[in-house]
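Observations on chain architecture
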Amino acid sequence: MTEELKKRILTSLIILPLSIFFILKGGYFLLFFLLSIFFVANYELFSVFNKKATILLLDLILILSLYSIYYLADDAVLLYLLLWVIILVICSDVGGYVFGKIFKWKKLTRISPKKTLSGVLGSFVFSLFSIFIANAILPKATATFMPIASLINFLEPKFFFLAIILSLVAQTGDLTISYFKRIEKIKDTGKILPGHGGILDRIDGLMFVVIVAFILIQINIIP
């Protein structure tokens, strides 16, 4: 295991439970957490990006994603879905990393040299695992304060289809941020998260996924 991977795992073990804590607490706790992300991410945006159009676009995406998280966390059932979305993005990211390291197939694009076709496949495969993880863990983990959420059955066929779609969105979001970073000739947006880079490097895929999830809820595709 490389030193970089060790840092990546250790950082994840800290920020994931911390993030879940603030999301479950909701209210002012969540608002404080999201505002902290907003200000740190904006510091990164104005520090590493020079083009005003890029800063404006990424800031808009950031704001919409943070609003989507706050909106989803304000309702028991939607909070349940938000937790699944977070699990899915993590699984998609891990799947892309693992398959990319093991199989080393053809490079996907010049935008992000480390992205491979095997990584794309791994992201899709692991995103499907998120359904079984959510179905097995979330009802027990949230039963004490979200009994209504157990009415959602993640094993319904639509969630398998949604998992692939949302994984694709996460990967597209990752590539989108990578595209803008490549234009600026930078590797990471910051150094606040060892092994991950900056805040934007960590939430790039999630930003796009929560916005799409919000839209799908508004048009009654989910739950």
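Residues numbered from 1 in each chain as written. Predicted model: local features only at pLDDT ≥ 70, side-chain atom pairs only at ≥ 80, totals over all residues. Heavy atoms only, no water.

Things to note about unusual backbone geometry
- A positive phi angle, near 65 degrees, is found at Asn 220, a position not held by glycine.
- Position of Asn 220 relative to the elements: it lies in the segment after α7 (199–218). (Helix = DSSP H or I, 4+ residues; strand = E, 2+ residues; numbered from the N terminus.)

Remarks on the packing of aromatic side chains
- Across all of its chains, the model carries 15 aromatic pairs by this definition.
- For the ring pair Phe 21 and Phe 29, a centre distance of 6.4 Å and an interplane angle of 85 degrees mean the geometry is edge-to-face.
- The exposure class assigned to Phe 21 is partly exposed, which follows from its relative accessible area of 42%.
- Ring plane angle 50 degrees and centroid distance 5.4 Å describe the contact between Phe 126 and Phe 129, whose orientation is recorded as tilted. Of the two residues, Phe 126 and Phe 129 both sit in helix α5 (residues 117–142), three residues apart, roughly one turn of that helix.
- Through a chain of ring-to-ring contacts, three or more aromatic side chains come together here, namely Phe 21, Phe 22, Phe 29 and Phe 33.
- Over the face of the ring belonging to Phe 29 we find Lys 25, whose NZ or CZ atom lies 4.8 Å from the ring centre. (Phe/Tyr/Trp six-rings, centres within 6.5 Å; stacked < 30°, edge-to-face > 60°. Buried < 20%, exposed > 50% of the residue type's maximum accessible area, 1.4 Å probe, protein only. Lys NZ or Arg CZ within 6 Å of the ring centre and 35° of its normal.)

Comments concerning empty space enclosed by the protein
- By the definition in use, this model includes one cavity of 30 Å³ or more.
- With four residues, the single largest contributor to the lining of the largest cavity is helix α4 (residues 76–103).
- A per-class count over the lining of the largest cavity returns eight nonpolar, no polar and no charged. (1 Å grid on protein atoms, 1.4 Å probe; cavity = no way out; pocket = protein on both sides within 12 Å on 5 of 7 lines; lining within 4 Å. Points joined across faces, edges and corners; volume = space filled by probe spheres on them. Nonpolar A, V, L, I, M, F, W, Y, C, P; charged D, E, K, R; others polar.)

Notes on α4
- Given a rise of 1.5 Å per residue, 28 residues ought to cover 40 Å, and the 40 Å separating the end C-alpha atoms of α4 matches this to within 8%.
- Structurally, the start of α4 carries an N-cap: the backbone nitrogen of Leu 78 is 3.1 Å from a side-chain oxygen of Asp 75.
- Backbone geometry just after α4 places Lys 104 at a positive phi near 50 degrees. (Expected span 1.5 Å × (residues − 1). Polar contact = N/O pair within 3.5 Å; in protein donor to acceptor, adjacent residues only side chain to side chain.)

With respect to the pattern of salt bridges
- Applying the stated criterion across every chain yields a total of one salt bridge.
- With its nearest N and O atoms 3.1 Å apart, the salt bridge here joins Arg 202 to Asp 93. Of this pair, Arg 202 sits in helix α7 while Asp 93 sits in helix α4, and the two are 109 residues apart along the sequence.
- Assessed through its relative accessible area of 22%, Arg 202 is described here as partly exposed. (Salt bridge = Lys/Arg side-chain N within 4 Å of Asp/Glu carboxyl O.)

Comments concerning the nonpolar core
- Core analysis: the biggest nonpolar cluster contains 60 residues, and Leu 82, Trp 84, Val 85, Phe 154 and Phe 159 have the highest contact counts within it.
- Elements with a minimum of two residues in this core: α1 (3–25), α2 (27–48), α3 (52–72), α4, α5, α6 (157–184) and α7.
- Looking at this core, the element that brings in the most residues is α4, giving 15 residues.
- Aside from chain neighbours lying at most four places away, what touches Leu 82 is Ile 23, Ile 69, Leu 72, Ala 73 and Val 210. (Core = buried A, V, L, I, M, F, W, Y, C linked by side-chain atoms within 4.5 Å. Contact = heavy atoms within 4.5 Å.)

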